[in-house]
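Overview (structure and organization)
Listed below are the residues making up each chain.
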Amino acid sequence: MMKQIFGRRKNTKSADKDFFAGTSPSVLDQVSGLGVADRATSNLSSQPPIISSTGLSYGSGNHVENPNARTNGNLFSSSFQPLPSFKDVPNSEKQNLLIRKLTLCCTVFDFTDPTKNIQEKEIKSQMLLEIVDYVVSVTVKFPEIVMLEITKMISVNLFRTLTSPPREKKVLQAFDLEEDEAVMDPAWPHLQIIYELLLKFIQSPETDAKLAKRYIDHSFILRLLDLFDSEDPREREYLKMTLHRIYGKFMVYRPFIRKAINNIFYQFIYETEKHNGIAELLEILGSIINGFALPLKEEHKLFLVRTLIPLHKPKCISLYHQQLSYCITQFVEKDCKLADTVIRGLIKYWPITNSTKEVMFLGELEEILDATQPAEFQKCMVPLFRQIACCLNSSHFQVAERSLFLWNNDHIENLIRQNSKVILPMIFSALEKNVNEHWNQAVKSLSLNVQKLFSDRDSELFKECLRQYEENKAKEKELKLKQESVWKRLEEVASAKATSGEAVLISPSLPRTSSLV
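No experiment lies behind these values; they were computed from the predicted model shown. (Residues numbered from 1 in each chain as written. Predicted model: local features only at pLDDT ≥ 70, side-chain atom pairs only at ≥ 80, totals over all residues. Heavy atoms only, no water.)

Thoughts on the overall build of the chain
Tallying secondary structure elements over the chain gives 25 helices and five strands in all. When burial is assessed residue by residue, the chain has 48% of its 517 residues classed as buried. Counting contacts in the chain only where the partners sit at least 6 residues apart, residues at least 24 apart contribute 74% of the total. (Helix = DSSP H or I, 4+ residues; strand = E, 2+ residues; numbered from the N terminus. Buried < 20%, exposed > 50% of the residue type's maximum accessible area, 1.4 Å probe, protein only. Contact = heavy atoms within 4.5 Å.)

What about the nonpolar core?
Counting 134 residues, the largest nonpolar core has Leu-282, Leu-308 and Phe-385 as the members making the most contacts within it. With ten residues, helix H10 (residues 188-203) is the single largest residue contributor to this core. With residues up to four places along the chain from it excluded, the contact list for Leu-282 reads Phe-265, Leu-308, Leu-311, Tyr-320, Gln-323, Leu-324 and Cys-327. (Core = buried A, V, L, I, M, F, W, Y, C linked by side-chain atoms within 4.5 Å.)

Side note on the packing of H10 against helix H13 (residues 233-249)
Contact geometry for H10 and H13: axes closest at 10 Å, N-to-C directions at 15 degrees. Here H10 is positioned roughly parallel relative to H13, judged by the angle of their axes. By crossing handedness, the relation of H10 to H13 is classed as left-handed. Only Arg-234, Glu-235, Tyr-238, Leu-239, Met-241, Thr-242, Arg-245, Ile-246 and Lys-249 of H13 make contact with H10, whose side of the interface consists of Trp-188, Gln-192, Tyr-195, Glu-196, Leu-198, Leu-199, Ile-202 and Gln-203. Residues that form the contact of H10 with H13 fall into these classes: nine nonpolar, three polar and five charged. (Axes fitted to C-alpha atoms, helices over the stretch in contact; angles between N-to-C directions. Parallel < 35°, antiparallel > 145°, perpendicular 65-115°, else oblique. Left-handed = near helix turned anticlockwise from the far one by under 90°. Nonpolar A, V, L, I, M, F, W, Y, C, P; charged D, E, K, R; others polar.)

Quick word on helix H8 (residues 144-158)
Taking 1.5 Å of rise per residue, the 15 residues of H8 would be expected to cover 21 Å, and the 21 Å separating its terminal C-alpha atoms lies within 8% of that figure. Most of H8 is tucked away, with 14 of its 15 residues classed as buried. (Expected span 1.5 Å × (residues − 1).)

Some points on the environment of Thr-161
Note on placement: Thr-161 falls in the loop between H8 and helix H9 (167-171). Note on Thr-161: relative accessible area 74%, which makes it exposed. Sequence separation of Thr-161 and Ser-230 is 69 residues, and the distance between their C-alpha atoms is 9.6 Å.

Quick word on the pattern of salt bridges
Evaluation of the coordinates by the stated rule reveals 24 salt bridges. When the shortest N-O distance is used, the salt bridge between Lys-301 and Asp-335 registers 3.9 Å. With Lys-301 in helix H16 (residues 298-308) and Asp-335 in the loop between helix H17 (321-334) and helix H18 (339-348), this pair connects stretches of sequence that are 34 residues apart. Its relative accessible area of 16% is what places Asp-335 among the buried residues. (Salt bridge = Lys/Arg side-chain N within 4 Å of Asp/Glu carboxyl O.)

Brief notes about the side chain of Glu-144
Along the chain, the position of Glu-144 falls in helix H8. Within the local environment of Glu-144, its side chain forms a polar contact with the side chain of Arg-214, the two groups lying 2.7 Å apart. A polar atom in the side chain of Glu-144 sits 2.6 Å from the side chain of Tyr-215. (Polar contact = N/O pair within 3.5 Å; in protein donor to acceptor, adjacent residues only side chain to side chain.)

What to know about unusual backbone geometry
Residue Pro-295 is bonded to the preceding Leu-294 through a cis peptide linkage, with omega at 0 degrees. The phi torsion at Asn-117 lies on the positive side, around 50 degrees, for a residue other than glycine. Looking at the secondary structure, you find Asn-117 in the loop between helix H6 (94-104) and helix H7 (118-137). Positive phi, normally seen in glycine, also occurs at Glu-273, with a value near 55 degrees. With respect to the secondary-structure elements, Glu-273 resides in the loop between helix H14 (254-272) and helix H15 (278-290). The class of Glu-273 is buried, set by a relative accessible area of 18%.

A word on the packing of helix H23 (residues 420-437) against helix H24 (residues 441-457)
Look at H23 against H24: their axes get within 10 Å of each other, and the N-to-C directions meet at 150 degrees. Taken together, H23 and H24 sit at an angle that is classed as roughly antiparallel. Here the hand of the crossing between H23 and H24 comes out left-handed. Contact with H23, carried on its side by Ser-420, Leu-424, Ile-427, Phe-428, Leu-431, Glu-432, Asn-434 and Val-435, involves Val-443, Lys-444, Ser-447, Leu-448, Val-450, Gln-451 and Phe-454 of H24 and no other residues of that element.

A word on the packing of aromatic side chains
The full count for this structure, using the stated rule, is 16 aromatic pairs. Pairing Trp-188 with Tyr-195 gives two aromatic rings, centres 5.9 Å apart and planes at 40 degrees, and the pair type is tilted. On the basis of relative accessibility, which here comes to 0%, the residue Tyr-195 falls in the buried class. Relative to Phe-462, the ring of Phe-428 lies with its centre 5.2 Å away and its plane at 70 degrees, an arrangement referred to as edge-to-face. (Phe/Tyr/Trp six-rings, centres within 6.5 Å; stacked < 30°, edge-to-face > 60°.)

Thoughts on the environment of Glu-470
Structurally, the position occupied by Glu-470 is in helix H25 (residues 459-497). Taking the C-alpha atoms as reference, Glu-470 lies 9.5 Å from Ser-429; in sequence the two are 41 residues apart.

Some words on helix H21 (residues 397-404)
Side chains of residues three or four places apart in an α-helix project in the same direction, reflecting 3.6 residues per turn. Taken residue by residue, H21 has Val-399, Ala-400, Arg-402, Ser-403 and Leu-404 as its buried positions. For H21, the elements touching its buried residues are helix H19 (355-370), helix H20 (374-392), H23 and H24.

A short note on the confidence of the model for the chain
Overall, the prediction assigns the chain a mean pLDDT of 81, with 77% of residues at 70 or greater. Predicted confidence in the chain is weakest over helix H3 (residues 25-32), with a mean pLDDT of 34, and strongest over helix H12 (residues 218-226), with 97. Overall, residues 165-177 carries pLDDT values under 50, and its contacts beyond four positions in sequence, including any with other chains, amount to 18 contacts. Under a pLDDT of 50 for its full length, residues 513-517 has, in the predicted model, 22 contacts with residues more than four places off or in other chains. (pLDDT = per-residue confidence, 0-100.)

Describing the state of the cysteines
On inspection of all chains with the given rule, the structure shows zero disulfides. Left unpaired, Cys-105 is separated from the closest cysteine sulfur, that of Cys-106, by 7.6 Å. The class for Cys-105 is buried, based on a relative accessible area of 0%. Free cysteine Cys-391: the closest other cysteine sulfur is in Cys-390, separated by 6.8 Å. (Disulfide = S-S within 2.5 Å.)

Next up, the structure:
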């Protein structure tokens, strides 16, 4: 879409060298309309911006507010007028014109009513497009005053209170979030240009990271992260690209960004179970984890154990499971010793009554086992195949079928074959029960195939397991008959003495202390 928008505009690479030339304060005052007191406020460029709910302040809290940044439509007809195009002014005046355009673009409009300020909104959009063109085409370093004005304008427009239903009401609906329709922000055509400007500004080789971090600071990043809860997927996509570029360009912020994302996950897991941007944040982390150096730092391993594994707990995991599974698998591929920790963590959060979630877990388990080495597999195979045995006997055919599909993976099948003396006795009864009793024909056939694999490779072990299974079934049948006999005697005695009102006493002479006197 942005290519179509910018395709209508001519590239203005001429006079790049003079675009950000130095300008005296008197000229700047004449162009931008700032007085001496206003210029003093604007020159607080050496202090980082602090974004508050009431406006934009700098350093010690001096409040900077654009007098035109009001949404009353009656104010704009006289004060909001188009400014000249960059190509229509001398090169020496282009920096001043840029600052004037940025200042005017700090005006925020109400997009919930499409009939309001139509002309002013169009003027602002055109100015934003011109600013993006120049940011892309410039070939000299951005001066500090331009960085200040760009970040101020972006902050005023982007950092807002997101409109969504109350969080408390949506927590109960978390499981049905995948059914909800995405909420599209009516201001998106306007916001998209501002996001594009921020993205191009960060990506530009002419943006000095050491200078820019005065304005793209911790406060700016935290407010940017807050916007990931936006219900508009288009905004979250731009936020994902932008945060990724910030992480790449500003190396000093990398630990801070990881910690801030971690805090969002903690709140999501243990408090709200509602956040619209978990998938996008995990997608960013997937790229970050992929770039981790070896050996892995203890900080990263703790992140895996304390954050990524507990992310399997929320009911709405289907909204971000693909990205989560990728992050988990990246850890196992980088350090095979983490396989035992990951698999045991997965078993800890294994769903009991949610079959859809169980199918997802089995799919993730296959990816993890595919990257697991024999030594690590042996550490966790006992609790793992206890869980798989339960899945094999699931009455939900997709769960049973998905667990049987594990034998289609050559690497996993090889791990099972190497440890068949431990694994087969654990799952034999589940396979036999499927063959004899499961209602789904596909599950029956797959169970027979798995039995045949074990039988062909080690017939003696298979026969021993079959013998043990038949013995256990005989004992189980005998115990059941004894229990039925006891209950029958209880019913007879209770029936005989019901009319007399006599108390029924229990003697310890029968098994399980179940005899009557």
